Amino acid sequence: MTKAKFNASKAYAPKEEEGTAFFDDGREIELLHFVYSHPDIESIRGSPANVLNAIDEYGRTKKYLMNVGEDKGKIVCDLIADVKPQVMVELGGYIGYSCILFGDAIRRAGGQRYYSLEMNPEFAAVIMSLVDLAGLSDIVKVVVGKSDASIARLYHEGLLQHIDLMFLDHYKPAYATDVKLCEELGLITPGSVLAADNVIYPGNPPYLEYVRKSVEEKRKSAGETRRLESLPDRTLNQYKERYGEMRFSQSAGNPDLVYESKLVHSFEPTGEPNILIILLSIAFIPVSATITIVSLLITYFSGTYYELPRPGPECKTILVTGVSMTKGLTIARMLARFHPHRIIAADTEPVPFISPGRYSRAVTKFYRLEAPGAVGATRYIDTLLDVIRQEKVDLWISCSSVEGAVEDGEVAKRAREEIGSAFEAVQFDSEVVEKLHEKDAFMEYIQSLGLPIPESHRCTSAKEVEDILGSSTNLNDNEKIEAGKRFILKPIGVDDKARSQMMTLLPLPEGREATSSYLSTLTISPENPYILQQYIKGSEYCTHSLVVHGEVKAFVACPSSDMLMQYEALPADSALSMKMLDFTKRVADDGGPDFTGHLSFDFLISGEGNAAHLYPIECNPRAHTAVVLFAENPVMADTYITVVDPDFEKKWPGRPPSVAIPYNYVQGYYWIGHDFVVRYLLFLMMLPSFPGHYSEVLKGPDVFWDHLWQWKDATWVVWDPVPFFVLYHVYWPMRFLGALLSGREWSRVNVSTGKMFGAK
Ligand SMILES: C[S@@+](CC[C@H](N)C(=O)[O-])C[C@H]1O[C@@H](n2cnc3c(N)ncnc32)[C@H](O)[C@@H]1O
């Protein structure tokens, strides 16, 4: 697993050069003054997130801090949400960044205790102060002293009986020895999870060797002295000035324990800047240019093979919006490739002339739209309506992004009213969009159709949430909550920050008070309503379909991939795919003859095959990127044409089939630029400091090669290669440059939709 690209604007001040102090020089106390004299101190008080923000602010604007940072912190937070530890121990607390981040995550996941072990009493005092400020003193306990002595003391005092999750981030030579001590004391047992920082860079061979040894190897090497020469001197001497020679526990550990280990790559808070990605793009220009030129030559010399059908006198004008994204481009291409109509395109562009779609051979004319949010919805709607009038558009295929979903509905409605039957749109009206797009309205609607939904409630206050939890579970007993029924709470509006808290299972197992205190940290109000939804354990799937006059004309389902950026269709005849299709047909049928548009659902599936239960969790009444699975598919192109040419099926009997499905000659689609950086480059970066077991580090590149040979890039086609070149060498470099110049924060990007996700 790898993390997304690093956001340069979040970078901490650079770490001081070798030989210069980068901690324990007074900056830790300076940090306390900075936080407590912060102008926003009142909103910082009691809020773990705001305390972390203040620490980050110090790290960015004042001095480097050796904190785990946001990117790596997120990996451990995800692990906490997954493992749901009751007791977590961290070795090395420093100023409390990881302690506050993970202590808060533990509380949300229903855990009971977070021990932060820190040998430096001054640092420990800083942790205690900031933990108190964050309101986490009830769950976090800071223990001062060397980790091995503290572990042993906590154990003998009966305070620590088992470690569910341990975060190792202290003195590198002590990682393996402390783990062995915990094994010997029975604190680490099968099921315990260890998360160790810095094992890739600067590297920790003694630790990696230990956790990767087999039982036999451990038995054989028992009693051998530690080999620390593989650790750099800088690491070995890190604490020498204050603590002299460090001594370690000599425990033999429990050789019968074996670990499953996994390397996870992520960024230090100093990170790599946007500029590196821009340089990478420049470095690859010769490769992409060669691919593009060769593709153009093949197309030129292939005679009529790649010629696009020429629009004749009867041709229609088809407008496709969203061609800056792969989904819009795919649709424009499939229409241009198989039908003799005039394809025009319109889309928002963050910078003029950088949309990959405007350079497609499929597109005869391109209009630039202002983003709905940038100038207000009215301007966006008016410009789009002007394009439809001016170009006498016969069919509009809307492929816009989530930000314009409701506005697109408004455009469709107004254009239909104004132009009448001479205009068709693959776009639902605004009322339909609102009904399907709003999470709570969608749930109500699905329930009204008699289809199963996870138990869901719209809540406008914390009290309301508590009351529902009380009546649906045994929260009122104020004792251990039944493991059975749990809920997740999600904001109804688009709130990326609150979304990251969605996986907190409610009620918290600690009981009523803990649950209330958690709810009080959220701003649930009539203006910011939440949906309380029954938690269903299962796999997530997404679908894309085209619905024409209430009939499903094209359908595909695939495992949700989100930021993995890969799409692989479920076999259309599988029980699961058919169940999802039936569900889609039911909704389409209910929409009636005026129901035309793209319809996508997210489902949670519990159980398998015919016994699978389907729970719809979200509806997106717009095109889904999974439409790439239909790329180069004439059958899918036909389905769009039936919207604008009702006689099509009479003219071409048997075309299209009742429901178009993707061809299965392509295993799946991916985005080569994303794959190269995330699966290949980051893994190569690990190699220099990698001590062994190459098979593990090569897993990412293996997937990359698999994709390269067996999958298909979603943006490149031989007869239309320019958008591919523009995407990687114009569009994205310009976006990163923009982020660099404006200091805009981002933590992940979606290569296909152009979305840059915020840092928090
Ligand atoms: C990299 S910092 C920890 C950063 C912290 N986990 C965070 O992400 O915010 C390492 C810390 O480990 C502490 N430390 C080093 N060796 C230790 C030991 N043997 N026992 C306890 N603490 C130790 C150091 O004093 C230092 O504060």
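If you're wondering where the values come from, they're calculated on a predicted model, not measured in any experiment.

**Notes on the overall build of the protein**
In terms of regular secondary structure, the protein is built from 31 helices and 22 strands. A burial count over the protein gives 55% of its 760 residues as buried. Long-range contacts, defined as pairs at least 24 residues apart, comprise 73% of the intrachain contacts of the protein with a sequence gap of at least 6. Looking at the protein as shown, the accessible area adds up to about 32500 Å², and 54% of this sits on carbon and sulfur atoms.

**So, the site of the ligand**
Around the ligand there are 21 residues in total, and V68, G92, E118, S147 and D169 lie nearest to it. Between the ligand and S98 there is a distance of 2.9 Å, counted from a nitrogen atom to a side-chain nitrogen or oxygen. Here E118 contributes a side-chain N or O atom positioned 2.6 Å from an oxygen atom of the ligand. Elements supplying a minimum of two residues to the shell around the ligand: α5 (97-108) and β2 (113-118). The residue inventory of the shell around the ligand, partitioned by class, reads eleven nonpolar, seven polar and three charged.

**Remarks on the UniProt feature "transmembrane region" (unreviewed entry) in the protein**
In the numbering used here, UniProt assigns the feature "transmembrane region" (unreviewed entry) to residues 275-301. A helix fraction of 96% and a strand fraction of 0% characterise residues 275-301, whose end C-alpha atoms lie 39 Å from each other.

**Section: the side chain of S150**
Tracing the backbone shows S150 in helix α7 (residues 147-156). Non-local contacts of S150, meaning those with residues more than four positions away in its chain, are made with L117, V143, V144 and G145.

**So, the pairing of strand β13 (residues 530-534)**
Buried residues dominate β13, accounting for four of its five residues. Relative to β13, strand β11 (residues 456-459) runs antiparallel, the two being bridged by four bridges. Within β13, the position partnered with C459 by the bridge is Y530. Strand direction decides the pairing type here: strand β12 (residues 487-491) and β13, joined by five bridges, are antiparallel. The partner of L489 across the bridge, within β13, is L532.

**With respect to the packing of α7 against helix α8 (residues 174-184)**
At a minimum axis distance of 10 Å, the contact between α7 and α8 shows a crossing angle of 10°. With respect to α8, the element α7 is oriented roughly parallel. Crossing hand, α7 versus α8: right-handed. Note on element contacts: α8 touches α7 through D178, L181 and C182, opposite S147, D148 and I151.

**A few points about the pattern of salt bridges**
On inspection of all chains with the given rule, the structure shows 29 salt bridges. A salt bridge links K72 to D197; the shortest N-O distance between them is 2.8 Å. Within this pair, whereas K72 is found in helix α4 (residues 69-83), its partner D197 is found in the loop between β5 (193-196) and α9 (199-203), the two being separated by 125 residues in sequence. Among the residues examined, D197 registers a relative accessible area of 8% and is labelled buried. Across the salt bridge formed by K651 and D645, the nearest N and O atoms sit 2.7 Å from each other. Bridged by salt links that share partners, the residues D24, E122 and R242 form one connected network.

**Thoughts on the side chain of D408**
Assignment of secondary structure puts D408 in helix α19 (residues 405-419). For D408, which is buried and forms no salt bridge, the nearest opposite charge comes from R622, at a distance of 8.3 Å.

**A closer look at the nonpolar core**
With 62 residues, the main nonpolar core has L335, I397 and Y640 as its most contacted residues. Ranked by residue count, the leading element in this core is helix α31 (residues 722-742), at seven residues. If sequence neighbours within four positions are ignored, Y640 has contacts with I331, M334, L335, L395, I397, V426, L546 and H598. Core analysis: the second largest hydrophobic core is formed by 54 residues, F34, V68, Y97 and Y171 among them.

**Considerations on the sheet that holds β11**
Backbone hydrogen bonds are what pair the strands of a sheet, in a parallel or an antiparallel way. Across the sheet, which stays open at both edges, the three strands sit in the order β11-β13-β12 with antiparallel pairing between neighbours. With partners counted over all chains shown, the strands left at the sheet margins are β11 and β12, one partner each. In this sheet, adjacent strand axes meet at a mean angle of 20° when their direction is disregarded. In the packing of helix α21 (residues 439-448) onto the sheet, contacts are made with β11, β12 and β13, and the angle to β13 comes to roughly 45°.

**A short note on the environment of M66**
Topologically, M66 is positioned in the loop between α3 (48-61) and α4. Sequence separation between M66 and F23 is 43 residues; the distance between their C-alpha atoms is 7.6 Å. Not counting residues within four places of it along the chain, the set of residues in contact with M66 comprises F22, F23, Y94, Q238 and Y239.

**A few points about the packing of aromatic side chains**
Per the stated rule, a full pass over the model turns up 26 aromatic pairs. Seen in terms of ring centroids, Y300 and F301 are 5.1 Å apart; in terms of plane orientation they differ by 85°. Their pairing is edge-to-face. Across this residue pair, the class does not change: Y300 and F301 are exposed. Here the aromatic cluster, defined as three or more aromatic residues joined through ring pairs, consists of F284, F676, Y680, F704, W705 and W709.

**Remarks on the sheet that holds strand β20 (residues 712-713)**
Taken in spatial order, the three strands make up an open sheet running β16-β19-β20, and their pairing is mixed. Either end of the sheet is taken by a strand with one partner, and the two such strands are β16 (566-567) and β20. Pairing geometry for strand β19 (residues 669-670) and β20, over two bridges, is parallel. By the bridge assignment for β20, Y669 is matched with K712.

**Looking at the packing of α8 against helix α10 (residues 205-212)**
Each packed pair of helices is defined by two parameters, the angle between the axes and the distance between the axes. Interaxial distance between α8 and α10 falls to 8 Å at its minimum, and their mutual angle equals 35°. The segment α8 lies against α10, with Y175, A176, V179, K180 and E183 engaging P206, Y207 and Y210. Looking at side-chain class alone, the contact of α8 with α10 contains six nonpolar, no polar and two charged residues.

**Details of the pairing of strand β4 (residues 165-168)**
On β4, burial covers both faces: L165 and F167 on one face and M166 and L168 on the other are all buried. Sheet topology note: the strand β1 (residues 87-91)/β4 ladder contains four bridges and is parallel. Looking at the pairing, L91 lines up with L168 of β4. Bridge count for β4 against β5 is four bridges, and the pairing is parallel. Along β5, the bridge assignment pairs L165 with V193. Crossover handedness for the path β4 to α8 to β5: right-handed.

**Focus: the confidence of the model for the protein**
Within the protein, residue pLDDT values average 85, and 87% of them lie at 70 or more. For the stretch residues 477-483, pLDDT sits under 50, and the model shows 13 contacts to residues farther than four places along the chain or on other chains.

**Observations regarding helix α22 (residues 462-472)**
Those residues of α22 that sit buried are V465, E466, I468, L469, G470 and S472. On its buried side, α22 packs onto β11, β12, α24 (512-519) and β13.

About the thresholds
- Residues numbered from 1 in each chain as written.
- Predicted model: local features only at pLDDT ≥ 70, side-chain atom pairs only at ≥ 80, totals over all residues.
- Heavy atoms only, no water.
- Helix = DSSP H or I, 4+ residues; strand = E, 2+ residues; numbered from the N terminus.
- Buried < 20%, exposed > 50% of the residue type's maximum accessible area, 1.4 Å probe, protein only.
- Contact = heavy atoms within 4.5 Å.
- Areas by Shrake-Rupley, 256 points an atom, 1.4 Å probe, with all protein chains shown as cover.
- Near = heavy atom within 4 Å.
- Polar contact = N/O pair within 3.5 Å; in protein donor to acceptor, adjacent residues only side chain to side chain.
- Nonpolar A, V, L, I, M, F, W, Y, C, P; charged D, E, K, R; others polar.
- UniProt positions renumbered as here; feature names shortened; annotations may be inferred.
- Pairing = 2+ DSSP bridges.
- Axes fitted to C-alpha atoms, helices over the stretch in contact; angles between N-to-C directions.
- Parallel < 35°, antiparallel > 145°, perpendicular 65-115°, else oblique.
- Left-handed = near helix turned anticlockwise from the far one by under 90°.
- Salt bridge = Lys/Arg side-chain N within 4 Å of Asp/Glu carboxyl O.
- Lys, Arg positive; Asp, Glu negative; His and termini not counted.
- Core = buried A, V, L, I, M, F, W, Y, C linked by side-chain atoms within 4.5 Å.
- Phe/Tyr/Trp six-rings, centres within 6.5 Å; stacked < 30°, edge-to-face > 60°.
- Right-handed = clockwise from strand over helix to strand, strands pointing away.
- pLDDT = per-residue confidence, 0-100.

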